[in-house]
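Per-entry structural report
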Amino acid sequence: MGHGWGGTRGNATRAGLHVLLAAICAAALVSGGESMAGAPYPALNSHERVSSQPETVALPQPLSDALNGPVEVPGGYGMALTAHVGERRVHASWTYVDGVPGLNTHVDSWLLGLLDAAAPVGGRYRPAMALNAQHPEGQEMTVSAAPVQAAGTVIVVRQKVKTSGTGGTVSERSETVYVDTVSGAVRGGAELVRPEAVPGIQSRMVGIPAQIAALVRQDVPVGDLVLKPSGELAVSAEVPGNPGGNVTLTMNAAEAGAVLSDYGRQVLEQLNAAAVPRPAMAPALRHVNCDIVPCAALTYDDGPDAHTTPQLMEILNEANAQATFFMTGSNATANPSTAKEVADAGYAIGNHTYSHGNLTKLSPPAVKKEIERTDAAILAATGTAPTMMRPPYGAADAAVQGAVGKPLMLWAVDSLDWQSKNPAVFVPKVLKEITPGAMVLMHDVQPTTISGQKELIASLQGQGYRLVSVPQLFEGTPLVPGHVYRSRPARP
Ligand code: NI
């Protein structure tokens with residue numbers, strides 16, 4: 001209360017100030033910001049409206065193309081989904097970066113927080129809400145997270161949330177986060193500047209004197225700050241009284257230098273350093289969050305086959321689909337070069353025993369031997385021993401579970417492809433039974449299975465499914481040796 005703005009009287013005065021601010025901002029925007037030059041406070045280097053056009057998926061662009069646009073980051077890859085959450089249609093696009101788990105988990109929790117908040121009261125977002133979500137026009141929320149700067153150990157991600165109704169854009173919020181690619185630490189853009197400099201920045205954004213801006217500072221969120229290697233600092237915000245667009249203030253290097261915090265100076269140093277190289281990830285192990293996107297894991301048993309397995313890989317590759325191959329040791333031994341091709345293409349591989357017998361008929365030492373011989377065969381062919389297994393016929397009991405020493409990956413959807421040998425039968429069966437998180441059982445040694453894959457994959461992807469490997473399906477959930485799994489457990 002020390003400054004005398006508390007109580008009812010203060011609120012009434014502040015309401016009046018909002019109107020004043022709205023008028024000043026509208027005038028400034030109409031005249032393109034140049035009118036601010038003669039004002040008794042620093043002129044704006046730029047005071048521009050950000051387009052209020054609907055966002056499309058943020059595709060990487062070269063840095064030089066855009067002042068604040070998305071940039072391509074080595075190891076970066078885009079994700080997108082459309083979901084019907086509560087009363088809203090949500091369009092989301094975001095970028096993950098290989099080898100920077102701090103960035104990926106930050107983006108995931110931000111996105112899940114927004115999706116959960118949009119869900120009906122008492123409910124949570126479910127990936128099934130992103131299946132067949134092409135609903136008619138209504139209230140829309142567009143969210144995006146994309147890198148806008150990357151250098152040294154720093155990646156800057158801009159997160160945007162835009163809500164709109166039939167009348168146009170209702171609000172557009174944005175913020176930036178600064179991710180350290182080595183430590184994984186994530187810090188808000190606001191930390192680039194010293195706290196005491198914030199009212200001055202706000203006053204420039206709304207075009208009023210600093211002492212008045214200090215009293216209404218909560219109306220201009222200073223969270224979207226992009227520091228450039230040149231030392232320039234761009235601050236974007238939704239400003240009251242500026243309908244349908246955000247305002248960006250660009251401070252030159254000298255102005256920015258006067259407000260940067262110690263952290264901001266460290267970031268500036270990194271932005272002028274060479275990027276730190278990161279190892280590439282195998283495609284089957286790239287980060288995907290199956291609590292956000294509706295995932296399905298296509299699995300193919302009993303191979304590898306020198307003829308049909310390469311045909312399947314070509315179809316998967318064309319469709320940008322991941323998959324998992326549960327190989328028998330005998331076939332890996334018979335077709336080692338095909339096994340290696342599967343591994344080299346980045347698909348996941350599991351152990352399907354050596355001789356494909358019913359493990360419940362074997363003694364525990366015989367079960368162990370089946371697993372070990374297969375591990376050795378796959379290791380010899382591919383250079384890597386599998387960490388998961390699938391018992392033939394899904395046959396397992398407590399003794400088998402105790403003996404295999406790996407998680408037992410069964411299935412939630414049995415295509416019965418080997419029985420019908422007919423895509424017109426097994427494709428509709430899978431499409432009818434599939435739900436997000438499911439493992440689907442098929443066999444890459446069956447030519448009729450291969451001939452149904454294009455249609456099956458296109459149908460699943462058309463519904464919104466992301467086809468992932470078994471390790472991707474279960475990412476973030478424990479896989480315990482001896483336990484049986486059929487699908488990814490839903491978030492509690
Ligand atoms: Ni089998």
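Since we're looking at a predicted model, the values are computed, not measured. (Residues numbered from 1 in each chain as written. Predicted model: local features only at pLDDT ≥ 70, side-chain atom pairs only at ≥ 80, totals over all residues. Heavy atoms only, no water.)

1. Focus: the pairing of strand E2 (residues 76-85)
The following threshold applies: Paired strands, as defined in this entry, are two strands with at least two bridges between them according to DSSP. The way it works is that DSSP assigns letters per residue, a run of H or I at least four long becomes a helix, a run of E at least two long becomes a strand, and they are numbered from the N terminus.
Direction of pairing for E2 relative to strand E3 (residues 88-97): antiparallel, over a ladder of ten bridges. Counted as the bridge partner of Tyr77 is Tyr96 from E3. Between E2 and E3, which pair antiparallel in sequence order, lie two residues; one of them, Gly86, sits at a positive phi of approximately 60°.

2. Quick look at the state of the cysteines
Covalent bonding between the sulfur atoms of two cysteines is what defines a disulfide. Our working definition: Disulfides are defined in this document as cysteine sulfur pairs within 2.5 Å. Whether a residue is buried, partly exposed or exposed follows from its accessible area with a 1.4 Å probe, protein chains only, as a fraction of its type maximum: under 20%, in between, or over 50%, in that order.
Within the structure shown, the criterion is met by one disulfide. Residue Cys290 pairs covalently with Cys295 via a disulfide, S to S 2.2 Å. Its S-S torsion of approximately -85° makes the covalent link between Cys290 and Cys295 left-handed. As far as the burial class goes, Cys290 and Cys295 line up, both buried.

3. Brief notes about the packing of aromatic side chains
Keep this limit in mind: Pairing of aromatic rings covers Phe, Tyr and the six-membered ring of Trp, with a centre-to-centre limit of 6.5 Å; geometry is then stacked below 30 degrees between planes, edge-to-face above 60, and tilted otherwise. Put simply, a charge is over a ring when the Lys NZ or the Arg CZ is close to the ring centre, within 6 Å, and near the line of the ring normal, within 35 degrees.
Scanning the model with the defined rule gives five aromatic pairs in all. Taken together, a centroid distance of 6.2 Å and an interplanar angle of 80° make the contact between Trp94 and Tyr96 edge-to-face. Of the two residues, Trp94 and Tyr96, neither departs from the other in class, the shared state being buried. A connected cluster of aromatic rings, assembled from ring pairs, spans Tyr77, Trp94 and Tyr96. The residue whose ring lies beneath Arg286 is Tyr77, and the NZ or CZ to ring-centre distance is 4.1 Å. The ring of Tyr354 is capped by Arg373, whose NZ or CZ atom sits 3.8 Å from the centre of that ring.

4. Structural notes on the pattern of salt bridges
Which entries qualify depends on this criterion: Between Lys or Arg on one side and Asp or Glu on the other, a salt bridge is scored when a side-chain nitrogen of the former is within 4 Å of a carboxyl oxygen of the latter.
Summed over all chains, the structure comprises 13 salt bridges. One salt bridge in this structure joins Asp224 and Arg158, with 2.7 Å as the shortest N-O distance. Highlighted residues: Asp224 in strand E8 (residues 224-227) and Arg158 in strand E5 (residues 154-165), separated in sequence by 66 residues. Under the relative-accessibility criterion, Asp224 is labelled buried at 0%. Overall, Arg158 belongs to the buried group, its relative accessible area being 8%. Salt-bridge contacts for Glu255 lead to Arg204; the nearest nitrogen and oxygen are separated by 3.4 Å. Taken together, the positions of Glu255 in helix H5 (residues 253-259) and Arg204 in helix H3 (residues 198-206) put the pair 51 residues apart, joining distant regions of the chain. Residue Glu255 is classed as partly exposed on the basis of its relative accessible area of 23%. What emerges from the salt-bridge pattern is a single network uniting Asp116, Arg124 and Arg491.

5. What about the environment of Tyr125?
Stated formally: Here a residue-residue contact requires only that any non-hydrogen atoms of the pair lie within 4.5 Å.
Tracing the backbone shows Tyr125 in the loop between helix H2 (101-118) and strand E4 (139-151). Look at Tyr125 and you get buried, because its relative accessible area is 0%. Excluding residues that lie within four positions of it along the chain, Tyr125 makes contacts with Leu81, Ala83, Val85, Leu112, Leu115, Asp116, Ala119, Ala130, Asp291, Ile292 and Arg491.

6. Let's talk about the coordination of the nickel ion
The test is simple: Coordination here is defined by N, O and S atoms within 2.8 Å of the metal (3.2 Å for Na, K and Ca), and since water is not considered, a site can look incomplete.
Binding of the nickel ion to the protein goes through Asp302 (OD), His352 (NE2) and His356 (NE2), at separations of 2.1 Å. Mapping the donors of the nickel ion onto the primary sequence gives the spacing D-x49-H-x3-H. Here Asp302 is found in the loop between strand E11 (295-301) and helix H7 (308-318), whereas its partner His352 is found in the loop between strand E13 (348-351) and helix H10 (364-382), with 50 residues between them in sequence. Taking relative accessible area as the criterion, Asp302 reaches 17% and is therefore assigned buried.

7. Comments concerning the nonpolar core
To keep it simple, the criterion reads: In this description, a nonpolar core means a group of buried Ala, Val, Leu, Ile, Met, Phe, Trp, Tyr and Cys residues linked to one another through side-chain atoms lying within 4.5 Å. Here the bounds of each domain stem from an automatic or database domain assignment.
Counting 49 residues, the largest nonpolar core has Leu81, Trp94 and Ile292 as the members making the most contacts within it. At eight residues, H2 tops the list of elements feeding residues into this core. Residue contributions to this core reach at least three from each of two domains, namely domain 2 (76-189) and domain 3 (283-485). If we ignore the near neighbours within four places in the chain, the residues touching Ile292 are Leu81, Trp94, Tyr96, Asp108, Leu111, Leu112, Leu115, Tyr125 and Pro127. Within the second largest apolar cluster, 35 residues are counted, among which are Tyr347, Val427, Ile434 and Leu467.

8. What to know about the side chain of Thr328
Mapped onto the secondary structure, Thr328 falls in the loop between strand E12 (324-327) and helix H8 (329-334). In this view, Thr328 contacts Asp302, Gly303, His352, Thr353, Tyr354, His356 and Thr374; residues no more than four positions away in its chain are not counted.

9. Let's talk about the confidence of the model for the protein
Do not read the fine detail of predicted coordinates wherever pLDDT is low. The line we're drawing: A residue's pLDDT is simply how confident the predictor is in it, with values from 0 to 100.
The predicted model of the protein averages 84 in pLDDT, with 82% of residues at 70 or higher. Note that residues 1-66 has pLDDT below 50 and, in this model, 94 contacts with residues that lie over four places away or in other chains.

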